[in-house]
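Below, each chain spelled out in residue letters.
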Amino acid sequence: MEPGKEKVSIAATPAARWALAGGLALWTAIGFTPFGRPLPLPADAPAGEFSAGRAMVTVRAIAQRPHPVGSADHDRVRDYVLGEFRRLGLTPETQAGTGVFRRYTGKVENIVARLPGTASTRPVMLAAHYDSTRRGPGAGDDAHGVAVLLETLRALGQSPRLRNDVIFLVTDGEEAGLLGAALFMSGHPWRGEPGVVLNFEARGTGGAATMFETSQNNAWLVRALRTAVPAANATSFAYEVYRRMPNDTDLSVFKRDGLAGMNFAFIEHPEWYHRPQDDPGHLDLRSVQEQGRYALALTREFGARDLNQPPSGDAVYFPTLVTGLIVYSTAWVQPLAWFTAAALLAAAAAGWRRRVRGFWLVLVFLVPAILQLLIAKAAPGATYLLEWPLAGAAISCAVWMTAPPVIGGGWRLAVLMLTPGSSLLLLTPMFHTLIVALGPREGGIIVAVAALWMLITVSPQLKLVA
Ligand SMILES: [Zn+2]
């Protein structure tokens, strides 16, 4: 046979098929391995640290009953929070007035307090809302957020003063249409000052706390997050999804008016969101600990920086099991997309020239390769989910075509499928987040579709006949 014209048998042998199935199962299992989560620290933890045990005292005090705007319990919570700020050595003030946001309007009363720094550039602002809906006591949404602010303030008091001021903004009327945040941004004298806002929210009662939203030009924010909280849970994919959804939090108002910021929440048990079950008993203490870790570590990080004129530019970011947060500039998204598309095209051309049967399989990869070029323009923060698997596919195509003929076609097929299979490490955390966010019923459909896809992939019918 002429060199380069050998006919390669590429029907998967049973051994290769089992290797493929086992490999995919392994990658999936590793991909679904949850990220390590901190244990909640008890109430007698060292004073300089954030303790979920101590924060829960505040949560239980606030979330006894529903406390929507206009209720007696609302005023009780307001007075309690004011008292806590005074107990921790600050002089809180209230800002009462009418908040207006889009078609919503109403009377609200914010609570603000300021911890002075030594030589402030611009303040760091921590924000959470103290009102709840009528339907639940709001332990997660958002008593825990207020507790995070107060416990952070207490812990800050145990270390030397920060360079920057820290503003604590406990908003009112979030559930009534972001009214407190709107009132702050329309009328409060400090509204334009914050160099960065950290907002704490919940859409459920547990699960991993995630940094799910940033303002534009987020590269410096995300890099600070990686420095301050190495095991941070944050993906630019979540941000791309979130900014296309109609959901709003107070951060929407701060961002609209030009402040930089990040938003933190946990979303497990969405079926208890705005329900009686959103009570202190159902609240996951680890989630509170994680929120507190973000708040305290980032306040110390931003509190020490010059917050004037932050650098511009957006970032792609995602966590992996074996590294801290991966962060790189979105400037890399387009070149990488073109590079992987070109590499796959080259592989297809080489396969066609060498008459490798099944070279057309490369064309299967070209569909997502074209897709990534479109996504790279529209949603750069999400493109990594296609780019890195396709880079894996380009490598496996090269291996497939250059492997010596003694290696059976079935094994080549396994390599071809498995190298991009490692990208399940990037994809499965996304599936997991999606399943948790959707709840058991809709989440189950996604699991079923994924299982079906796996079955098709390893089916005995899978042959690469030209
Ligand atoms: Zn809320």
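Every value quoted in this text rests on a predicted model; they were computed, and no experiment measured them. (Residues numbered from 1 in each chain as written. Predicted model: local features only at pLDDT ≥ 70, side-chain atom pairs only at ≥ 80, totals over all residues. Heavy atoms only, no water.)

## Topic: the overall build of the protein chain
- Helices and strands together make up the secondary structure of the protein chain, namely 15 helices and nine strands.
- Along the three orthogonal principal directions, the C-alpha set of the protein chain runs to about 90 × 45 × 45 Å.
- A total of 466 residues make up the protein chain; the buried ones form 52% of that total.
- Long-range contacts, defined here as pairs at least 24 residues apart, represent 80% of the contacts in the protein chain between residues at least 6 apart.
- In the structure as shown, the protein chain presents an accessible area of about 20400 Å², 64% of it carried by carbon and sulfur atoms. (Helix = DSSP H or I, 4+ residues; strand = E, 2+ residues; numbered from the N terminus. Buried < 20%, exposed > 50% of the residue type's maximum accessible area, 1.4 Å probe, protein only. Contact = heavy atoms within 4.5 Å. Areas by Shrake-Rupley, 256 points an atom, 1.4 Å probe, with all protein chains shown as cover.)

## Looking at the nonpolar core
- The biggest cluster of nonpolar side chains holds 66 residues, and the ones touching the most others in it are F85, F168, L198, L225 and F302.
- Look past the residues within four positions of F302 in its chain and what remains in contact with it is V124, N164, V196, L198, W220, L221, A224, M262 and L307.
- Grouped together as the second largest cluster of nonpolar side chains are 25 residues, F318, L366, L385 and L390 included. (Core = buried A, V, L, I, M, F, W, Y, C linked by side-chain atoms within 4.5 Å.)

## Points about a nonpolar patch on the surface
- Together, L26, I30, L321, V322 and L425 make up a nonpolar patch on the protein surface, roughly 440 Å² of accessible area in all.
- Here V322 falls in the exposed class, since its relative accessible area comes to 78%. (Patch = residues over 30% accessible without salt bridge, like charges linked within 9 Å, V, L, I, M, F, W, Y side chains within 5 Å. Salt bridge = Lys/Arg side-chain N within 4 Å of Asp/Glu carboxyl O.)

## Description of the environment of G313
- The topology assignment puts G313 in the loop between α9 (285-303) and β8 (315-318).
- According to the relative accessible area criterion, G313 is partly exposed, its value standing at 26%.
- As a C-alpha pair, G313 and S329 span 16 residues in sequence and 7.2 Å in three-dimensional space.
- Filtering out sequence-adjacent residues up to four positions away, G313 remains in contact with N217, N218 and A219.

## Notes on the coordination of the zinc ion
- With distances of 1.9 to 2.5 Å, the protein atoms coordinating the zinc ion are H129 (NE2), D141 (OD), E201 (OE) and E201 (OE).
- Seen from the zinc ion, its four donor atoms lie at angles of 53 to 138°, and the figure they make is irregular.
- Going along the chain, you hit the donors of the zinc ion in the pattern H-x11-D-x59-E. Placement of H129 in strand β3 (residues 124-129) and of D141 in helix α4 (residues 139-156) is noted, with a sequence separation of twelve residues between them.
- H129 sits in the buried class, given a relative accessible area of 1%.
- With a relative accessible area of 2%, D141 lands in the buried category. (Donors = N, O, S within 2.8 Å, 3.2 Å for Na, K, Ca; no water. Tetrahedral: all angles 85-135°; square planar, octahedral: opposite > 155°, others 65-115°.)

## Observations concerning the pattern of salt bridges
- Inspection of the entire model under this criterion finds 19 salt bridges.
- Measuring nitrogen to oxygen at the nearest pair gives 2.9 Å for the salt bridge that ties R243 to E240.
- For E240, a relative accessible area of 7% translates into the label buried.
- Each of R37, D284, R286 and E290 takes part in salt bridges that share partners, so that together they form one network.

## Things to note about the side chain of S215
- Relative to the helices and strands, S215 resides in the loop between β6 (210-214) and α6 (219-228).
- Engagement of the side chain of S215 in a polar contact is seen with the backbone nitrogen of G261, the distance being 2.9 Å.
- When neighbours within four sequence positions are excluded, S215 is seen to be in contact with L221, K255, L259, A260 and G261. (Polar contact = N/O pair within 3.5 Å; in protein donor to acceptor, adjacent residues only side chain to side chain.)

## Re the sheet that holds strand β1 (residues 93-101)
- Sheet architecture is open: seven strands sit in the order β1-β2-β4-β3-β5-β7-β6, paired in mixed fashion. Only two strands of the sheet have a single partner each, and these edge strands are β1 and β6. Ignoring strand direction, the axes of neighbouring strands in this sheet form an average angle of 25°.
- Of the pairings in the sheet, the one linking strand β2 (residues 104-115) to strand β4 (residues 166-171) comprises five bridges and is antiparallel in character. Note that in β4 the partner of R114 across the bridge is I167.
- Where α4 meets the sheet, it contacts β2, β3, β4 and β5 (196-200), and its direction lies at approximately 145° from that of β3.
- Against the sheet, helix α5 (residues 179-187) makes contact with β1, β2, β3 and β4, and its axis sits at roughly 105° relative to β1, the strand it touches most. (Pairing = 2+ DSSP bridges. Axes fitted to C-alpha atoms, helices over the stretch in contact; angles between N-to-C directions.)

## Here's the deal with the domain arrangement of the protein chain
- When the domains of the protein chain are assigned, the result is domain 1 (14-34 + 329-457) and domain 2 (52-318).
- Taken over C-alpha atoms, the centre of domain 1 sits 39 Å from the centre of domain 2.
- Interface of domain 1 and domain 2: buried area, both sides summed, is about 1300 Å²; carbon and sulfur atoms make up 71% of it.
- Here domain 1 and domain 2 share zero salt bridges between them.
- Applying the counting criterion to the domain 1 and domain 2 interface returns five residue pairs in polar contact (both at pLDDT 80 or more).
- The set of elements that each furnish at least two residues to the side of domain 1 that touches domain 2 consists of α12 (384-402) and α14 (424-438). (Domains from an automatic or database assignment. Buried area = accessible area lost by both parts, 1.4 Å probe.)

## Things to note about the environment of P404
- Residue position: P404 is located in the loop between α12 and α13 (409-421).
- For P404, a relative accessible area of 42% puts it in the partly exposed group.

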